[in-house]
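Letter by letter, the chains look like this.
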Amino acid sequence: MSDQAPAAPRKTPLEAPTADSEPAPRPELTEDHKSKYEALLGRVKGFAEVTCAKEKDKSGPLTDRERLWLTRECLLRYLRATKWSVDESAKRLLSTLAWRREYGLDDFTAEYISPEQETGKQIIAGFDRLGRPCQYLNPGRQNTDASPRQIHHLFYMVERVTDMMPPGVETLSLLINFKPSKQRQNTSVPVSTAREVLNILQNHYPERLGKALIINVPWLVSGFFKIIQPFIDPVTRGKLKFNEDMKQYVPPEQLWSADWGGNMDLEYDHGVYWPALHDMCQRRREQKAARWAAAGMEIGESEEYLAGGTAVSVTGFRYDEASQGASGSKLAEAPAALDTDVDVVDEKLAAAKLDDAAAGETKDNRKAVVAADAA
């Protein structure tokens, strides 16, 4: 008999996928797709203003945070979602930029969302077999009455999931457990709320859902899914998996043991988990912003480069991890791009711009230095 004490339950998010989790290869772009991407990129680089029809006081020039959001992969996601229509993609990108401002997405703080999260009704923990971060929804742990903040909570967590995506990954796995709770029985979601959530997901988070794994589906919820099915995109419907062996999608060591059949013993402790998640995501956003600033703050930057999967940006700039920039380049202090206050973020991103006059280098000169180093 072993005297070894059992390992304590995990209380913080995992940092990375298992070593054998491999992102799905991105589809090859045809010449037509490449042409349409270049056309959209040219249009997006011409975005000067974001017009907010509902809240006109939020209209204004494109911010650096928004320029960072407009990555190469972001543009491609919108092109795929619009069946490669450049006009429709440009229109939808501007619509999403306006929605993000009007919705106040970047203004949601960890403190504001915290009351919704206290019972762990949403948890980001582990990665599936394709390296996609897993976001668990636990409706049985509902602890608040219906309010806008409940939906804000969901999209705040979706933003944190995107922070957690490793290089080469741009989708998430959504795991929903409908097991009821003895503490709170009324966990049903109004159809109007479901339609609002689906509308936001489909219009402003296109091509972000990898899989939706759903267990313990009662007959009432099953009927609910049938009601909202007409509002779900056919491609999205194909990603829903009900009451299957979820270990075929998520490695056992990164699959929650509670009801899911995995080996990850996770105990939700709000005082431990919540700051740990916030700090982990903040660190990752700071790193992405530093890499973006170092490469020249270009619209259409590669998410692979921003996430550290490659040292070379789309402009050919080579990032030196040791010095947080290119060798010999004079960089401002890396921006802390994960502050929840959008004004603070924009100020820090602005401060991170290279002072070409002081550094004695233009962007073209920096590229020349990189090319010479490569040679």
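Parameters and conventions
Residues numbered from 1 in each chain as written. Predicted model: local features only at pLDDT ≥ 70, side-chain atom pairs only at ≥ 80, totals over all residues. Heavy atoms only, no water. Buried < 20%, exposed > 50% of the residue type's maximum accessible area, 1.4 Å probe, protein only. Helix = DSSP H or I, 4+ residues; strand = E, 2+ residues; numbered from the N terminus. Phe/Tyr/Trp six-rings, centres within 6.5 Å; stacked < 30°, edge-to-face > 60°. Lys NZ or Arg CZ within 6 Å of the ring centre and 35° of its normal. Pairing = 2+ DSSP bridges. Right-handed = clockwise from strand over helix to strand, strands pointing away. Core = buried A, V, L, I, M, F, W, Y, C linked by side-chain atoms within 4.5 Å. Contact = heavy atoms within 4.5 Å. Expected span 1.5 Å × (residues − 1). Axes fitted to C-alpha atoms, helices over the stretch in contact; angles between N-to-C directions.

### Examining helix H3 (residues 72–81)
In terms of burial, H3 is a largely internal element, 7 of the 10 residues being buried. Among all positions of H3, only Glu73, Cys74, Leu75, Leu76, Arg77, Tyr78 and Leu79 are buried. After H3 finishes, the residue Lys83 shows a positive phi value of roughly 55 degrees.

### Considerations on the packing of aromatic side chains
One pass over the structure, following the stated rule, counts 13 aromatic pairs. Between the aromatic rings of Trp99 and Tyr103, the centroid separation amounts to 4.9 Å while the plane-to-plane angle is 25 degrees, which identifies the pairing as stacked. With Trp99 and Tyr103 both in helix H4 (residues 86–103) and 4 residues apart, the pair spans about one turn of that helix. The residues Trp99 and Tyr103 share a single accessibility class, namely buried. Summarising the aromatic geometry, the rings of Tyr305 and Tyr319 are spaced 6.3 Å apart at their centres and angled 80 degrees between planes, so their arrangement reads as edge-to-face. Remark: Tyr319 occurs in the loop between helix H11 (303–306) and helix H12 (342–351) and Tyr305 occurs in helix H11; sequence separation between them is 14 residues. Of the two residues, Tyr305 and Tyr319, neither departs from the other in class, the shared state being buried. Among the aromatic side chains, those forming a connected cluster through ring pairs are Trp99, Tyr103, Phe108, Tyr112, Phe155 and Tyr205. For the cation-ring pair, Arg72 lies above Tyr37, with the distance from its terminal atom to the ring centre recorded as 5.5 Å. A cation over an aromatic ring shows up here: Arg291 above the ring of Tyr305, its NZ or CZ 4.5 Å from the ring centre.

### Quick notes on the pairing of strand E4 (residues 133–137)
Across the 5 residues that make up E4, a large majority, 5, are buried. Going residue by residue along E4, you find Pro133, Gln135 and Leu137 tucked away on one face and Cys134 and Tyr136 tucked away on the opposite face as well. Bridge analysis of strand E3 (residues 122–127) against E4 gives 4 bridges, and the strand direction is antiparallel. Across the sheet, Ile124 pairs through a bridge with Gln135, a residue of E4. What sits between E3 and E4 in their antiparallel hairpin is a turn of 5 residues, with Gly131 showing a positive phi close to 80 degrees. As defined by bridge partners, E4 adjoins strand E5 (residues 172–177) across 4 bridges and the pair is classed as parallel. For Gln135, the partnering residue across the bridge sits in E5 and is Leu174. Traced from E4 through helix H6 (residues 148–164) to E5, the parallel crossover comes out right-handed.

### Structural notes on the nonpolar core
By size, the foremost hydrophobic cluster in this structure holds 51 residues, and its most contacted members are Tyr103, Ile123, Tyr136, Phe155, Trp260 and Trp274. Counting residues per element, this core draws most heavily on H6, which supplies 8 residues. If we ignore the near neighbours within four places in the chain, the residues touching Ile123 are Cys134, Gln135, Tyr136, Asn138, Arg141, Met157, Trp256, Leu266, Tyr268 and Tyr273.

### Notes on helix H10 (residues 270–294)
In an α-helix there are 3.6 residues to a turn, and that puts residues three or four apart on one side. Taking 1.5 Å of rise per residue, 25 residues should cover 36 Å, and H10 covers 36 Å from first to last C-alpha, within 8% of that figure. In the segment just after H10, Gly296 is the residue with positive phi, at about 110 degrees.

### Focus: the pairing of strand E6 (residues 209–215)
Burial analysis of E6 places 6 of its 7 residues in the buried class, the great majority of the element. Alignment of E5 against E6, held across 6 bridges, turns out to be parallel. Its bridge partner being in E6, Asn177 is matched across the sheet by Ile215. Pairing between E6 and strand E7 (residues 240–242): 3 bridges, direction parallel. What sits directly across from Ile214, in E7, is Phe242.

### Overview of the sheet that holds E7
Ordered in space as E3-E4-E5-E6-E7, the 5 strands form an open sheet in which the pairing is mixed. Strands at the two margins of the open sheet, each flanked by one partner only, are E3 and E7. The sheet shows a mean angle of 20 degrees between the axes of neighbouring strands, taken without regard to direction. H6 rests against E3, E4 and E5 of the sheet, and its axis sits at about 20 degrees to E3.

On their own, these measurements won't tell you what the molecule is for.
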